[in-house]
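# Summary of structural features
This is what each chain is made of:
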Amino acid sequence: MLEKDIVIIGAGHAGISCAEALRTKGFKGTLTVVDGQKGFPTEKPPLSKGAIVNGTSEDYSVPLLKPENWYVENNIDLKTGITVMSIDRINRKINLSNKNTISYTTLVIATGAIPIELGITRKHPQSFTLRNSKDAKEISRAASTLKSALIIGCGYIGLEVAASLTERGVKVTVVETEDRPLAKISSSAIAEKLVEIHERKGVKFRFSNSVVRIDNLKNEFRVLLQTGGHEIAEMIITGIGVSPDSILASKSSLAKNENDKNSICVNENFVTSDHHILAIGDVAKRVGTEKRIESVDNAQEDGKEAASYIMKEVKQPRGVPWFWSDQYDKTLQIAGLVPITDANKKMVFRPGKRGDGFSVWSFVDEKLRSVEAFSDPSSFAIGKRFLSDELSPTSCEIMDLSTDLKTIYKRFHTKANPT
Ligand SMILES: Cc1cc2nc3c(=O)[nH]c(=O)nc-3n(C[C@H](O)[C@H](O)[C@H](O)COP(=O)(O)OP(=O)(O)OC[C@H]3O[C@@H](n4cnc5c(N)ncnc54)[C@H](O)[C@@H]3O)c2cc1C
């Protein structure tokens, strides 16, 4: 017998994908989605991009995950602006901030993650983190009057916010403890290119550095850096990563990964240590996976797979993880996980067909592990196909510019699928 009452906590990319997949797969029972944020659920990627660049314009609104009428049409009870305070595992109920309770047969936790804050930047009206549309609106509004920003952290959020604020005419400085951007997740060729495009627009980087003290002057901050010297900025944005939002799991004693920021432990079917409760998206770490991935694709795939499990369907093989980032008018696309720490890695640079586009193909023991493409969508598409089909060209083939990537792929594909 299929579950009767499914409740999903969190209307983000994972929660909504799960709700959609459940209905598509024929789930007929009660389906409730609860989210602490008010309004119809929105996409996250535009928050560091369009929502900062255009956030103060009357005509701009953050794109919705689903059209407003979709929830009614799919018989999904969407409750927003209501936070789940606790889970009563014994009676299988959740307790809400409006004092109501909802019973569940199966509960799906899709609560995402929370930005990590530094004690020294917390709680100041000109100091921000970025996770939801309210945060993006505040940053966008601040950029209307404040003319300089210090960004702490040079990951994707830091870089995208740097680009968006620069487009708004704000003077940006980025401080990063590592010696380059995206040090743990991208190749150095990609990092160098990103630094180049930002510096050309006037962004200043302070690598191998960290913030040790922040003094509040009248309308600005004086930020002391570890290597000496200081920066003056009117606003601060902290983008140093996120922690899985596993507070509900802690309160209800579900098993967590202490060595991975207390993410919720789930088995290969996303089931937690309580078999009536699943966890998906940024908040969950699946047993046997190399690392927890924080991306739209991962959240959506988790949602679909969890729905298949609930509906007792055979699991479909999962594609290769992929990610993208937009900065100025450039797009970076990555398929697979870049092998940063592997001893036997080899990274091959391949120029793209147009402009300054290129791709970086990473191999470990001559097996393709990832493809990063800067302004080079066709190389990304072929690289992603190679990885999804578990086919690996050799590094020499990728280095040989006389052969088109499509031709190399076709050759492999025909060899793997002879007629
Ligand atoms: C600014 C920004 C830009 C990004 N850009 C990209 C990009 O370009 N490409 C990409 O692949 N990924 C990007 N990401 C990452 C991607 O958005 C996340 O990995 C993805 O949103 C994770 O989905 P999720 O459903 O697990 O969590 P979320 O989308 O964060 O959803 C979690 C939801 O749970 C709700 N919630 C939490 N606790 C409770 C509670 N107790 N009660 C009720 N509701 C609760 C929250 O309000 C939230 O709406 C970006 C993220 C951010 C923040």
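Above this text sits the structure in question.
Treat the numbers as computed from the prediction; the structure is a model and nothing was measured. (Residues numbered from 1 in each chain as written. Predicted model: local features only at pLDDT ≥ 70, side-chain atom pairs only at ≥ 80, totals over all residues.)

## Quick word on the environment of S359
Inclusion rule: Labels follow the DSSP assignment, with helices taken as runs of H or I lasting at least four residues and strands as runs of E lasting at least two, numbered in each case from the N terminus. For every residue pair, C-beta atoms are placed from the backbone, and the pair is scored as a contact if these atoms sit within 7 Å.
Within the element layout of this structure, S359 appears in strand 25 (residues 358-364). Each residue touching S359, except ones within four places of it in the same chain, is listed here: R350, G352, V371, E372, A373, D376, S379, F380 and G383.

## Observations concerning helix 8 (residues 296-310)
Keep this limit in mind: Take the residue count of a helix, subtract one, and multiply by 1.5 Å to get its expected span. Any residue whose C-beta has 12 or fewer other C-beta atoms within 10 Å is treated as exposed, any with 20 or more as buried, and any in between as partly exposed, C-beta atoms being built from the backbone.
The end-to-end C-alpha distance of helix 8 is 21 Å, a good match for the 21 Å that 15 residues give at a rise of 1.5 Å each. All of the buried residues along helix 8 are N298, A299, E301, D302, G303, K304, E305, A306, A307 and I310. Of the surrounding elements, those touching the buried residues of helix 8 are strand 1 (5-9), helix 1 (13-24), strand 7 (106-109), strand 20 (277-279) and strand 21 (284-286). Count one or two residues on from helix 8 and you reach K312, which has phi positive near 55°.

## Here's the deal with the packing of helix 9 (residues 377-388) against helix 11 (residues 405-416)
Which entries qualify depends on this criterion: Orientation is described by lines fitted to C-alpha atoms, with helices fitted over the stretch in contact, and by angles between N-to-C directions that extend from 0 to 180 degrees. If an angle is under 35 degrees, it is roughly parallel; if it is over 145, roughly antiparallel; if it lies from 65 to 115, roughly perpendicular; otherwise it is oblique. By convention the crossing between two helices is left-handed if the near helix lies anticlockwise of the far one by an angle smaller than a right angle, and right-handed if it lies clockwise.
Closest axis-to-axis distance for the helix 9/helix 11 pair is 10 Å, and the angle between their directions is 15°. Considering the angle they form, helix 9 stands roughly parallel to helix 11. Read as a crossing pair, helix 9 and helix 11 show a hand that is left-handed. On helix 11, the residues that touch S379, I382, R385 and F386 of helix 9 are L405, K406 and Y409.

## As for the pairing of strand 25
As a reminder of what qualifies: Two strands are counted as paired when DSSP detects at least two bridges linking them.
Within strand 25, five of the seven residues are buried, which leaves the element mostly enclosed by the surrounding structure. Direction of pairing for strand 24 (residues 345-351) relative to strand 25: antiparallel, over a ladder of seven bridges. Within strand 25, the position partnered with R350 by the bridge is S359. Taking the residues between adjacent antiparallel strands as the criterion, strand 24 and strand 25 are bridged by six residues, where G355 takes a positive phi near 50°. A loop of two residues connects strand 25 with strand 26 (residues 367-374), the two strands running antiparallel in sequence, and D365 in this loop sits at a positive phi of about 50°.

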